[in-house]
Amino acid sequence: MDLLGPLALWLTVLFSGPRGVLALVLPDITEPDFIRRCVQAHNAHRSRASPHAANMRLMTWDDALAKGARSWARHCKASHNPILQHMGQAHPDFRRVGENIWLGSPYSAFTVESAIQTWNQEGADYTHRNRSCARVCGHYTQLMWATSYKLGCAVHVCSGGIDNFSTHPQSTIFVCDYGDAGNMFGFPPYIVGLACSSCGKEKCQDKLCTDPTRDEPKRYDWSPGWDIIPKSSAHRLPHWLNSTGLQLLIGWCWLFATH
């Protein structure tokens, strides 16, 4: 029975507080489900573009863009990465990289889908006919930028708060980076017309233009120069918590305590 007290204390510390397991269960940029949800949510909104888009490209995941998004999210600032203003420095291939940011608290307020939906809602204030915006539309136009075809996203909880946003210990920042960048001054986000009618030789998939050679995933031996936190194995903990090893450990403790 003597082991139950320390074990209970260890589990309490592990699962409680802003620096407890919450910080460890955040989806990592390599987790397949997180990648799928980010890509799927983007493409769902793009395929439902209203008015219809004639040249909207299918978006696929990019490892380097995700690294850049994660590195900037770790800075915990309610502003865009200034490196994006410098041509060719934010990605090993893309000369220009775009960015969308969602902020909220606590972490339970965040889902991939709800964050991307808030960007899409800005479309209500955008008029395609004269390319005008009644309020804020930059997140929407980047989300809908037809020639942006790669994305990488990351979410981070800032236990010390987010500069110029919140001091809440579960302040959450979700960053998505895009290649090529959107929001070119003077240009609309896409060509209005029959879906896929301007795809050229590319195939049409769910009202989006797709080219297997262009959309094929790449792996880059590249790290952002603005990363302020070294890589952590923390994201692996949720898998360990569900592992056979932990189940055996808990079972062993239970057997020991009952004898």
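Named according to an unreviewed UniProt entry, the chain is Glioma pathogenesis-related protein 1-like originating from Astyanax mexicanus. Checking UniProt for the chain, the heading Subcellular location (unreviewed entry) contains the comment "Membrane". Word for word, the UniProt comment on the chain under Sequence similarities (unreviewed entry) is "Belongs to the CRISP family."

Caption draft 1: A look at the confidence of the model for the chain. On average, residues of the chain score 85 in pLDDT, and 79% of them are at 70 or above. Under a pLDDT of 50 for its full length, residues 4–21 has, in the predicted model, 16 contacts with residues more than four places off or in other chains. The low-confidence segment residues 230–259 (pLDDT under 50) makes 26 contacts with residues lying over four places distant or belonging to another chain.

Caption draft 2: View of unusual backbone geometry. Cis geometry is found at the peptide bond from S50 to P51, where omega equals 0 degrees. The phi angle at N164 is positive, at roughly 65 degrees, despite the residue not being glycine. Looking at where N164 falls in the secondary structure, it is placed in the loop between β5 (150–158) and β6 (171–179). One non-glycine residue, N183, lies in positive phi territory at about 60 degrees.

Caption draft 3: The arrangement of the side chain of N43 in detail. Among the structural elements, N43 can be located in helix α2 (residues 32–47). Excluding residues that lie within four positions of it along the chain, N43 makes contacts with L58, M59 and L208.

Caption draft 4: Representation of the state of the cysteines within the structure. Inspection of the entire model under this criterion finds five disulfides. The partner cysteine of C76 in its disulfide is C158, sulfur to sulfur 2.1 Å. Since a negative S-S torsion denotes a left-handed disulfide, the C76-C158 link at about -95 degrees is left-handed. Highlighted residues: C76 in the loop between α3 (63–73) and β2 (98–104) and C158 in strand β5, separated in sequence by 82 residues. The buried category is assigned to C76, whose relative accessible area is 12%.

Caption draft 5: Examining empty space enclosed by the protein more closely. Applying the stated rule across the entire model yields one cavity of 30 Å³ or more. As a volume, the largest cavity reaches approximately 40 Å³. What lines the largest cavity is R46, S47, A49, H52, A53, A195 and K207. Of the residues contributing to the lining of the largest cavity, the split by class is three nonpolar, two polar and two charged.

Caption draft 6: Quick peek at the pattern of salt bridges. What the rule picks out here adds up to 11 salt bridges. We note a salt bridge from R74 to D227, for which the minimum N-O separation is 3.1 Å. Here D227 lies in the loop between α6 (212–215) and α7 (237–241) and R74 lies in the loop between α3 and β2, a separation of 153 residues in the sequence. Look at D227 and you get partly exposed, because its relative accessible area is 29%.

Caption draft 7: Looking closely at the sheet that holds β6. Across the sheet, which stays open at both edges, the four strands sit in the order β1-β5-β6-β2 with mixed pairing between neighbours. Each edge of the sheet is formed by a strand with only one pairing partner; in this case those strands are β1 (60–61) and β2. Taken together, the seven bridges between β2 and β6 define a ladder with antiparallel strand orientation. Across the sheet, E99 pairs through a bridge with D177, a residue of β6.

Caption draft 8: Layout of the pairing of β6. Among the nine residues in β6, nine count as buried, and that is most of the element. Residues S171, I173, V175, D177 and G179 of β6 are buried on one face, and the alternating residues T172, F174, C176 and Y178, pointing to the opposite face, are buried as well. Pairing of β5 with β6 involves nine bridges; the strand directions are antiparallel. Paired with K150 across the two strands is G179, which belongs to β6.

Caption draft 9: How the structure looks around the nonpolar core. In terms of nonpolar packing, the biggest core is built from 45 residues, with W61 and F174 touching the most fellow members. At the level of elements, α2, α3, β2, α4 (112–121), β5 and β6 are the ones that each hand at least two residues to this core. Within the second largest apolar cluster, 11 residues are counted, among which are A53, M56, Y140 and M144.

The rules behind these values
- Residues numbered from 1 in each chain as written.
- Predicted model: local features only at pLDDT ≥ 70, side-chain atom pairs only at ≥ 80, totals over all residues.
- Heavy atoms only, no water.
- UniProt positions renumbered as here; feature names shortened; annotations may be inferred.
- pLDDT = per-residue confidence, 0-100.
- Contact = heavy atoms within 4.5 Å.
- Helix = DSSP H or I, 4+ residues; strand = E, 2+ residues; numbered from the N terminus.
- Disulfide = S-S within 2.5 Å.
- Buried < 20%, exposed > 50% of the residue type's maximum accessible area, 1.4 Å probe, protein only.
- 1 Å grid on protein atoms, 1.4 Å probe; cavity = no way out; pocket = protein on both sides within 12 Å on 5 of 7 lines; lining within 4 Å.
- Points joined across faces, edges and corners; volume = space filled by probe spheres on them.
- Nonpolar A, V, L, I, M, F, W, Y, C, P; charged D, E, K, R; others polar.
- Salt bridge = Lys/Arg side-chain N within 4 Å of Asp/Glu carboxyl O.
- Pairing = 2+ DSSP bridges.
- Core = buried A, V, L, I, M, F, W, Y, C linked by side-chain atoms within 4.5 Å.

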